[in-house]
Structures are given as C-alpha cells and as structure tokens.
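Now for the letters of each chain:
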Amino acid sequence: FTVPYDGIGKPVSKLRIPLEKGGGPASSAAAKYYWGPSVSWNDYLQSWVMLMSKAERPKWGGSSVYISFNRNKDLSSKSNSQDWSEPILLTEKPGEVLWYPALQPTASSEDISNKNTCLKMGKRARLYYKYFPKNSGDRYISEYEIEFNK
C-alpha cells in the first residue's frame, strides 16, 4: 500500500455507489453506501469474498446484503486491493434491517478436514447477519447455506 499509516486512502471505486444513484459518504443521513464488510479467502474459488450491508436509510438502515470478489491472493501487491468486482445482491428482506453479514464454515467433513474458518472457506458456507425484525429485538441469524460455483 502506498498510503501512509496516518494518511487518507482512496475508496475502492467499484464498491462506491455513484452519486447519480444516491450514493455518498457514510456521514450523510440520506446517502446510500456499502458498509460493515466481512472478508474471507475462498480456497475453492481461489478468490477473496467480501460481504457487505447496503445502507439506504438514516442510521445505516438497509435491508440487503451484497457480495463482491477479488481474485488477487496478494492484496498488498500493486493495486490488487482495489480490484473488487461490482457488488451483486445476495439477499434482501424489504422493510427490515440487516447488518454485519458474514460467512462461516459448515459442519461438513470437508470443512472440518480443510480446517475452514470464518477467514478461509470452501465450496459451501453459511450466511449469517444481524437481523432487526419489525417490533422485535435484534439477533444474529443464518437462514441460508451458500454454494459457490466457478
């Protein structure tokens, strides 16, 4: 990386929502932006996988989870850390609030033998996120198992 530890970096351009589509800074009460990323290496895909929430309302309110990929194993080389794919909608719960999506390994024999963790995944993983259902308390839930395909 070429930015000093106490400097200001540049946002990843593909992970920014354009101004003409309502995008803007996280400090804005009205702007849309991706936030709360979770990043893991996927051995099956040979790619980094990033999950993020999308804020569309004040106080980081948003009902969707997006996924992005980066095939550069060494993120410290050149501009590899900036080479993420355009985010793709993974799931949404319209009108609800979803925060901090993350992938976790399954209890499969493959995940156990490969010693997969939240930082290293295989072909399958469980999707977790913090869910704020209407008129109820928040909780972390997992409703889906994801199977990655090349």
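Residues numbered from 1 in each chain as written. Predicted model: local features only at pLDDT ≥ 70, side-chain atom pairs only at ≥ 80, totals over all residues. Heavy atoms only, no water.

### Remarks on the overall build of the protein
Threshold: Counting from the N terminus, the helices are DSSP H or I runs at least four residues long and the strands are E runs at least two residues long. It is over C-alpha atoms that the radius of gyration is taken, and the globule rule equals 2.2 Å times the number of residues to the power 0.38. Exposure categories follow from relative accessible area, calculated using a 1.4 Å probe and restricted to protein chains: below 20% of the type maximum is buried, above 50% is exposed, and the middle band is partly exposed.
A count of helical and extended segments in the protein gives 1 helix and 8 strands. The order of α-helices and β-strands along the protein, N terminus first, is β-β-β-β-β-α-β-β-β. Against the 2.2 N^0.38 benchmark of 15 Å for 150 residues, the protein shows a C-alpha radius of gyration of 16 Å, consistent with a compact globule. In terms of overall dimensions, the protein has a C-alpha envelope of 45 × 45 × 30 Å along the principal axes. By residue count, 41% of the 150 residues in the protein fall in the buried class.

### Section: the sheet that holds strand 5 (residues 97-104)
What counts, and what does not: Paired strands are those between which DSSP finds at least two bridges. A fitted line through C-alpha atoms represents every axis, and for helices the fit uses only the stretch in contact; the resulting angles, taken between N-to-C directions, go from 0 to 180 degrees.
Reading across from one edge, 5-7-8 is the order of the 3 strands in this open sheet, with antiparallel pairing throughout. Sheet topology places strand 5 and strand 8 (139-147) at the edges, where each strand pairs with a single neighbour. Here the average twist between neighbouring strands, direction ignored, is 25 degrees. Pairing of strand 5 with strand 7 (residues 124-132), which is carried by 6 bridges, proceeds in the antiparallel orientation. Paired with Val97 across the strands is Phe132, a residue of strand 7.

### Some remarks on the layout of surface pockets
Put simply, the rule is: Buried and open spaces are told apart on a 1 Å grid over the protein atoms alone, a cavity being a set of points where a 1.4 Å probe fits but cannot get out and a pocket being an open set with protein on both sides within 12 Å along at least five of seven lines. Residues with an atom within 4 Å of a point are the lining residues. Grid points are joined across faces, edges and corners, and a volume is the space filled by probe spheres set on the points. Throughout, the ten residues Ala, Val, Leu, Ile, Met, Phe, Trp, Tyr, Cys and Pro are labelled nonpolar, Asp, Glu, Lys and Arg are labelled charged, and all others, Gly among them, are labelled polar.
By volume, the second largest pocket is sized at about 170 Å³. Lining the second largest pocket are Leu15, Arg16, Ile17, Gly23, Gly24, Ala26, Lys32, Tyr33 and Tyr34. Residue composition of the lining of the second largest pocket, by class: 5 nonpolar, 2 polar and 2 charged.

### Points about the nonpolar core
Note on soluble globular proteins: their nonpolar side chains tend to be buried together. The line we're drawing: Buried Ala, Val, Leu, Ile, Met, Phe, Trp, Tyr and Cys residues that are joined via side-chain atoms within 4.5 Å together make up what is termed a nonpolar core. Should any heavy atoms of two residues lie within 4.5 Å, those residues are counted as being in contact.
By size, the foremost hydrophobic cluster in this structure holds 15 residues, and its most contacted members are Val49, Leu103, Leu127, Tyr129 and Phe148. Those elements giving two or more residues to this core turn out to be strand 2 (47-55), strand 3 (64-70), strand 5, strand 7 and strand 8. Setting aside residues up to four positions removed in sequence, Val49 forms contacts with Ser38, Val39, Ser40, Asn42, Ile67, Ser68, Phe69, Trp84, Leu103 and Phe148. In this structure, Ile17, Tyr34, Met50 and Trp84 belong to the second largest nonpolar core, which totals 10 residues.

### A look at the sheet that holds strand 6 (residues 120-121)
Within the open sheet, the 5 strands sit side by side as 4-3-2-1-6. Their pairing is mixed. With one partner strand each, in any of the chains shown, strand 4 (88-92) and strand 6 form the two edges of the open sheet. Sheet analysis places strand 3 next to strand 4, joined by 4 bridges and oriented antiparallel. Among the inter-strand pairings, Ser64 is bridged to a residue of strand 4, identified as Glu92.

### A look at the pairing of strand 8
Where strand 7 and strand 8 come together, 7 bridges link them in antiparallel fashion. Opposite Arg124, over in strand 8, you have Glu147 as the bridge partner. The turn linking strand 7 back onto strand 8 is made up of 6 residues, and Asn135 within it adopts a positive phi angle of 55 degrees.

### Quick word on the environment of Tyr129
This is how the line gets drawn: Here a polar contact means two N or O atoms within 3.5 Å. Within protein one must be a hydrogen donor candidate and the other an acceptor candidate, and residues neighboring in sequence count only if both atoms are side-chain atoms.
Relative to the elements of secondary structure, Tyr129 occurs in strand 7. Here Tyr129 falls in the buried class, since its relative accessible area comes to 0%. Sequence separation between Tyr129 and Arg139 is 10 residues; the distance between their C-alpha atoms is 8.3 Å. A distance of 2.6 Å separates a polar atom in the side chain of Tyr129 from a polar atom in the side chain of Glu143.

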